[in-house]
Amino acid sequence: MEFFNTLLRFFQNGGAFMYPIALVLVIGIVLVVERWVFLSRAKFANRRAYGQVLPMMQQRNFAAALKFAQGEKAPVGKIVAAGISTAQHARKDENIAMAIEESILEAVPRLEKRTNYLATLANIATLLGLLGTIIGLIAAFTAVANADPSEKATMLSSSISVAMNTTAFGLISAIPLLLAYSMLQNKTNEIIDSLEMAGVKFLNLITLTRGQKTEAAARPAAKAGAPA
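Quick caveat: nothing in here was measured; it's all calculated off a predicted structure. (Residues numbered from 1 in each chain as written. Predicted model: local features only at pLDDT ≥ 70, side-chain atom pairs only at ≥ 80, totals over all residues. Heavy atoms only, no water.)

Turning our eyes to something else, we now look at the pattern of salt bridges. Taken as a whole and judged by the stated rule, the model has four salt bridges. In this structure, the salt-bridge partner of R35 is E34, at a minimum N-O distance of 3.0 Å. Of the charged contacts in the structure, one is a salt bridge between R48 and E72, with a shortest N-O distance of 2.8 Å. Of this pair, R48 sits in helix α2 (residues 18–58) while E72 is found in the loop between α3 (62–70) and α4 (75–87), placing the two residues 24 residues apart along the sequence. According to the relative accessible area criterion, E72 is buried, its value standing at 11%. Taken together, the salt bridges that share partners define one network made up of E34, R35 and R114. (Salt bridge = Lys/Arg side-chain N within 4 Å of Asp/Glu carboxyl O. Helix = DSSP H or I, 4+ residues; strand = E, 2+ residues; numbered from the N terminus. Buried < 20%, exposed > 50% of the residue type's maximum accessible area, 1.4 Å probe, protein only.)

This is the structure we're talking about:
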């Protein structure tokens, strides 16, 4: 209870700029929670989809894999659907690779959405704290200039203390936001790397199967053309 009373006094003594800094902090916290929940769900959905579709791909059951992928919302499902659908009519393996890469690129913006705002909010909180301190110091020195000489030292130290609270609160808000930004960025990169890994694995399985079918089709033709 004592901690909250101290925090409340600290907030009240910081001046008017404490309120916009607090607003920035609240927006940042909401953004962190929303992004963390979204990325956690995306990571779980991708793992689940990958675990289900990989055995189908390894067993060369592409029809079942395509049916599963088309009803899957996770990016892994879209990667599989893009690869198998393209393989059905594409002649070159490069076309399949491009389709898989395109599906990965389509998933990236949703994963990175709004995360960069955290760094901006942290900078805004810091700058608001500095601006509040400067304005507070200007007001303090203006008031001291017209004050009684015996009260100048007391008024100046009190005003500076109040002004510095704004900078402190700005930093208190900015540091956690920057840490959260770093954590979310790492989590996003981890998911993107896993999608790229899955895309390469699925591409290898599809192209390997296509190559085996081509070889199997070429053998009877070679036998038919061989001299008796």
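Counting residues in hydrophobic clusters, the biggest one holds 52 residues, and the most contacted among them are V53, M57, V80, I84 and F202. For this core, the secondary structure elements donating two or more residues are α2, α3, α4, α5 (93–112), α6 (117–145) and α7 (149–225). Examining the composition of this core, we find that 14 residues originate from one element, α2, more than from any other. Each residue touching V80, except ones within four places of it in the same chain, is listed here: V53, M57, A65, A69 and F202. (Core = buried A, V, L, I, M, F, W, Y, C linked by side-chain atoms within 4.5 Å. Contact = heavy atoms within 4.5 Å.)

In this description, an aromatic ring pair is defined by two values, namely the gap between the centres and the angle between the planes. Scanning the model with the defined rule gives one aromatic pair in all. On the numbers, 5.8 Å between centres and 45° between planes, the contact of Y50 with F202 is tilted. Of the two residues, Y50 sits in helix α2 while F202 sits in helix α7, which places them 152 residues apart along the sequence. Residue class for F202 comes out buried when judged on its relative accessible area of 0%. If you follow K187 out to its NZ or CZ, it ends over the ring of W36, 4.5 Å from the centre. (Phe/Tyr/Trp six-rings, centres within 6.5 Å; stacked < 30°, edge-to-face > 60°. Lys NZ or Arg CZ within 6 Å of the ring centre and 35° of its normal.)

Here we come to α5. Here α5 contains 20 residues, and its C-alpha end-to-end distance of 29 Å stays within 8% of the 28 Å for a straight helix at 1.5 Å per residue. For α5, the set of buried residues is I96, A99, I100, S103, I104, A107, V108 and L111. R114 occupies a position one or two residues after α5 and carries a positive phi of about 70°. (Expected span 1.5 Å × (residues − 1).)

Across the chain, the average pLDDT comes to 82, with 82% of residues at or above 70. The least confident element of the chain, judged by mean pLDDT, is helix α1 (residues 2–12) at 67; the most confident is α2 at 92. Below a pLDDT of 50 lies the segment residues 214–218, which in the model reaches zero contacts outside its immediate sequence neighbourhood of four places, other chains included. (pLDDT = per-residue confidence, 0-100.)

Interaxial distance between α2 and α5 falls to 10 Å at its minimum, and their mutual angle equals 145°. Judged by residue contacts, R35, F38, L39 and A42 of α2 engage R110, L111 and E112 from α5. Residue composition of the contact of α2 with α5, grouped by class: four nonpolar, no polar and three charged. (Axes fitted to C-alpha atoms, helices over the stretch in contact; angles between N-to-C directions. Nonpolar A, V, L, I, M, F, W, Y, C, P; charged D, E, K, R; others polar.)

On to unusual backbone geometry, then. With phi around 60°, R60 is a residue other than glycine that occupies positive phi space. Of note, R60 is situated in the loop between α2 and α3. For R60, a relative accessible area of 30% gives the class partly exposed. Despite not being glycine, R114 has its phi angle at roughly 70°, a positive value.

The subject of this paragraph is the side chain of R35. With respect to the helices and strands, the residue R35 is situated in helix α2. You can call R35 buried: its relative accessible area is 2%. Among all residues touching R35, those that are not within four sequence positions of it are R110, L111, E112, K113, R114, T115 and L184.

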